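Fold and contact review
So you can see what is in the structure, the chains are spelled out below.
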Amino acid sequence: MHTAPAKAGAGIRGGVLLTLAQLRLATPRRLKALLLPHHQDTDYIRRALRNLPTDALVGWPHRAQQSYWYCTPAGLAEVAASGELPPKAGRATGQCAAAKTGLREHALALVDTVIAFHHAGAAYQADWQVEVARPTPAGSLGPDGVGLLNNGSHAFVEIDRTMSYARLLAKLERYDAYRHVLASGRGNAARTPRSHWQETYAGPSLERPFPPLLFVFAPTQRRAAPATRERSLPRPRPAELADHPWPPRPCLC
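This is a predicted model, so every value here is computed, not measured. (Residues numbered from 1 in each chain as written. Predicted model: local features only at pLDDT ≥ 70, side-chain atom pairs only at ≥ 80, totals over all residues. Heavy atoms only, no water.)

1. Comments concerning the confidence of the model for the protein chain
Chain-level pLDDT for the protein chain is 79 on average; 75% of the residues reach the 70-or-more range. Taken together, the stretch residues 1-6 has pLDDT below 50 and engages in zero contacts with residues farther than four places along the chain or on a different chain. Between residues 236-253, whose pLDDT stays under 50, and residues either more than four places distant or in other chains, the model counts 32 contacts. (pLDDT = per-residue confidence, 0-100. Contact = heavy atoms within 4.5 Å.)

Quick look at the structure:
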C-alpha cells in the first residue's frame, strides 16, 4: 500500500503551533532557540512554518522584511482542541502585534525573556501564560507574562520598553492592590479565606509568598537605559529577595 510522504518539518509541527499559540508571535530564530536549540540553523523550523499555511493555521505579515509568525483563529482552535493549553477566554492571535512595530517589539521582548528563563533552567518554555487579566480595586491588571518557575513558585513579568514613570508606578500600585483581592466562589466556610493570587498561584500552601514582580528592561533608543530605570524603581527588602533564590532577572536590551 502506497503512503503519502510526510511533509517536511512534520515532526516539529505540533511544537511550532503550540508555541505560537502560547506566545502569540515569534520569528524562526526564536522558535529554534526554544524548540531546537542544538540545531545549527533555522531550516527545519522554516520548513515546518512553510507547510502550516497550507492548512491555514499560521500567518505572517507579507510586507515585513523579517518573518514574524503567528497562529490564525484556525490554528488557535486546533491547539485548544488538543487540550495542551489551559483554556483562556478571548485568546488572541498575534496578527495585530506582528503588523505594528511597537506591539511587535514588545511581544518579541517577552519571547526573548521566555528563552532566557528556559536556557537558564529557571522555567520551562511551556510553563508561561501571556497577558492574563486580573481585576483589582486599582483597575485591571494584565501581567505581560506569568511564569511557573522550576522551584514551584510563579513570577509576574513586565516588559518595560516605552512606559512612562507614571504608568510604571501605577502598574506597581495595581500589583499591590491585587494582593488583597479575595478569591470568588463560595468555597469552604470553615477554611481560612484566600486571596485570588493564593487560589491561582500558591497551590495548597498558605505559606507561599506573593509572586515576585520582575521587570525586563528593553528600552527603545529614546528611552532611559536599564541602569537608569532600575534606580527609579522601589528596591525590594532583603527578606523578599531571600524568598526567591533563582538566577538574577534578565535584562534584555
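2. Here we look at empty space enclosed by the protein
Leftover empty space is mapped by rolling, across the atoms, a probe with the size of a water molecule. Tallying each qualifying case throughout the model produces two cavities of 30 Å³ or more. Roughly 40 Å³ of volume is contained in the largest cavity. Lining the largest cavity are eleven residues, with Ser153, His154, Arg208, Pro209 and Pro211 sitting closest to its centre. Residue composition of the lining of the largest cavity, by class: seven nonpolar, three polar and one charged. (1 Å grid on protein atoms, 1.4 Å probe; cavity = no way out; pocket = protein on both sides within 12 Å on 5 of 7 lines; lining within 4 Å. Points joined across faces, edges and corners; volume = space filled by probe spheres on them. Nonpolar A, V, L, I, M, F, W, Y, C, P; charged D, E, K, R; others polar.)

3. Digging into the packing of helix 1 (residues 13-23) against helix 2 (residues 28-35)
The geometry of helix 1 relative to helix 2 is characterised by a closest axis approach of 11 Å and an angle of 110° between their N-to-C directions. When the interaxial angle is binned, helix 1 and helix 2 end up roughly perpendicular. Contacts from Gly15, Val16, Thr19, Leu20 and Leu23 of helix 1 reach helix 2 at Leu31, Leu34 and Leu35. Among the residues forming the contact of helix 1 with helix 2, the class breakdown is six nonpolar, two polar and no charged. (Axes fitted to C-alpha atoms, helices over the stretch in contact; angles between N-to-C directions. Helix = DSSP H or I, 4+ residues; strand = E, 2+ residues; numbered from the N terminus. Parallel < 35°, antiparallel > 145°, perpendicular 65-115°, else oblique.)

4. Details of the environment of Gly14
Within the secondary structure, Gly14 is located in helix 1. The class of Gly14 is partly exposed, set by a relative accessible area of 43%. A sequence separation of 34 residues divides Gly14 from Ala48, and the C-alpha atoms of the two residues are 9.3 Å apart. (Buried < 20%, exposed > 50% of the residue type's maximum accessible area, 1.4 Å probe, protein only.)

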